[in-house]
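# Summary of structural features
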Amino acid sequence: QVQLVESGGGLVQAGGSLRLSCAASRSIFRLNAMGWYRQIPGKQRELVACISWGGSTNYADFVIGRFTISRDNAKNTVYLQMNSLKPEDTAVYYCALELTTAHMTRPDYWGQGTQVTVSS
């Protein structure tokens, strides 16, 4: 089993920045993808960004140019730098891990979620 522990959510004004972090509880095999999803109340959970062990990234269209995903493999940690935040970015953000793949499609593990609230 792997636990994902998130941190870094909170309240920020529109145009501001936040950085989310997510640490896996143990070392994981190199073939994996880590990423971030978000869920707005009343809507389905959606992929925000993901990154492979080797550093290949994929972003949802609505965050391109504003969010950056990165990872530190030595620390089993993934980050999401969120800039130019908008009120519509308000959601619960979930860290995700999918094993034996470089492309995230169906995560095997989820974090507990962290609230991001952007005020106008």
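Each chain carries its own residue numbering, running from 1 in the written order of its sequence. Side-chain atom pairs in this predicted model are given and counted only at pLDDT of 80 or more, local residue features only at pLDDT of at least 70, and totals for whole chains, interfaces and linings cover all residues. Working from all heavy atoms in the structure, the side-chain values ignore hydrogens and water.

## Re the pairing of strand β5 (residues 46-52)
As a general feature of sheets, a regular strand has side chains that alternate between the two faces. Spelled out, the test is: Here's how the labels work: a residue is buried when its accessible area is under 20% of the maximum for its type, exposed when over 50%, partly exposed in between, all with a 1.4 Å probe on protein chains only. Helix numbers and strand numbers start at the N terminus; a helix is a DSSP run of H or I with at least 4 residues, a strand a run of E with at least 2. At least two bridges found by DSSP between two strands is the condition for calling them paired.
Counted residue by residue, β5 has 5 buried out of 7 residues, so it is predominantly covered. Taking the residues that link successive antiparallel strands as the turn, the strand β4 (residues 32-39)-β5 hairpin has 6 residues, and the phi of Gly-42 there is positive, at about 85°. Pairing between β5 and strand β6 (residues 57-59): 3 bridges, direction antiparallel. Bridging across to β6, Cys-50 finds its partner in Asn-58.

## Comments concerning the pattern of salt bridges
Side chains that differ in charge, positive against negative, can pair when their charged atoms come close. What counts is decided by this rule: The working definition used for a salt bridge is a side-chain nitrogen of Lys or Arg within 4 Å of a carboxyl oxygen of Asp or Glu.
Inspection of every chain in the model, using the stated rule, returns 3 salt bridges. Residues Arg-66 and Asp-89 are paired through a salt bridge, measuring 2.7 Å at the closest nitrogen-oxygen approach. Of this pair, Arg-66 sits in the loop between β6 and β7 (67-72) while Asp-89 sits in the loop between β8 (77-82) and β9 (91-99); the two residues are 23 residues apart in sequence, bridging distant segments of the chain. The network of salt bridges with common partners includes Arg-38, Glu-46, Arg-66 and Asp-89.

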